[in-house]
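# Coordinates in review
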Amino acid sequence: MDRLIVITVSAVLSSLIISSSAVAAPPDGLLAYDPPEVGQVRIARDSFGVPHIIASDDRSLFFGVGYAQAEDQLENVVRNFLLAEGRGAEYLGESHLPTDHMIRSMRIPTIAEQSIDKLPPQLKTHVVGFVDGINFYIETHRDDVPSWVESVEPHAPIALGLAVNLLFSMDDARRDLA
């Protein structure tokens, strides 16, 4: 199970930093790509609005990815994390109760919480940096953020990866049994 969690978290985080392969005008010329000091991040957007995250260390890079994703899709990100924790009905209504029940019955939130400290140190740095970036955006834009949006816990991306794996597996099983 631990190997599955590491692979899932790695896949989720890797997919977050892959950007469009379309050619766009670089942001503010090449100077935007000079790496900042360790512990700092620069987010420069190209002519398509794609964020280019520039950092000298992994934690800052993933902080920037989290911040940029929150800037672009905060409500979707937080909603997906809530769904992955079996809390969809709280925000989206009764129709999400069956999924919430399944997620909680499979102990997805509990497994995710227990897994964060079992991650390899570098991967944990990535996850925590990503979540810190989202939370920094929430804190610094509280007046613009919907009141239902809560701070994100470090285990949330793990729960999302596990929930997606579970739901895809169940969908495959349904097709196989049909």
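Here's what I pulled together on the structure shown here.

What counts and how
Residues numbered from 1 in each chain as written. Predicted model: local features only at pLDDT ≥ 70, side-chain atom pairs only at ≥ 80, totals over all residues. Heavy atoms only, no water. Core = buried A, V, L, I, M, F, W, Y, C linked by side-chain atoms within 4.5 Å. Buried < 20%, exposed > 50% of the residue type's maximum accessible area, 1.4 Å probe, protein only. Helix = DSSP H or I, 4+ residues; strand = E, 2+ residues; numbered from the N terminus. Contact = heavy atoms within 4.5 Å. Phe/Tyr/Trp six-rings, centres within 6.5 Å; stacked < 30°, edge-to-face > 60°.

## As for the nonpolar core
Most often, soluble globular proteins keep nonpolar side chains buried together rather than apart. Grouped together as the largest cluster of nonpolar side chains are 34 residues, with contacts concentrated most on Leu74, Phe81, Ile108, Phe130, Ile134 and Val152. Of all the secondary-structure elements, those providing two or more residues to this core are α2 (58-84), α4 (97-105), α5 (108-115), α6 (121-140) and α7 (156-177). Considering every element that reaches this core, the biggest residue donor is α2, with 10 residues. If near-sequence neighbours (up to four positions away) are discounted, Leu74 is found in contact with Gln69, Ile134, Tyr137, Ile138, Val145 and Val149.

## Observations concerning the packing of aromatic side chains
Taken as a whole and assessed by the stated rule, the structure comprises four aromatic pairs. Plain terms: the ring middles of Phe63 and Phe136 are 5.7 Å apart, the flat faces sit at 50 degrees to each other, and that makes the pair tilted. Here the residue Phe63 occupies a position in helix α2, and Phe136 occupies one in helix α6, the gap between them amounting to 73 residues. Residue Phe63 is classed as buried on the basis of its relative accessible area of 18%. Assessed through its relative accessible area of 39%, Phe136 is described here as partly exposed. Relative to Phe136, the ring of Tyr67 has its centre 6.2 Å away and its plane inclined at 40 degrees; by these criteria the two rings are tilted. Here Phe136 lies in helix α6 and Tyr67 lies in helix α2, a separation of 69 residues in the sequence.

## A word on the side chain of Asn135
One can find Asn135 in helix α6. On the basis of relative accessibility, which here comes to 11%, the residue Asn135 falls in the buried class. With residues near it in sequence (within four places) discarded, Asn135 still touches Ser151 and Val152.

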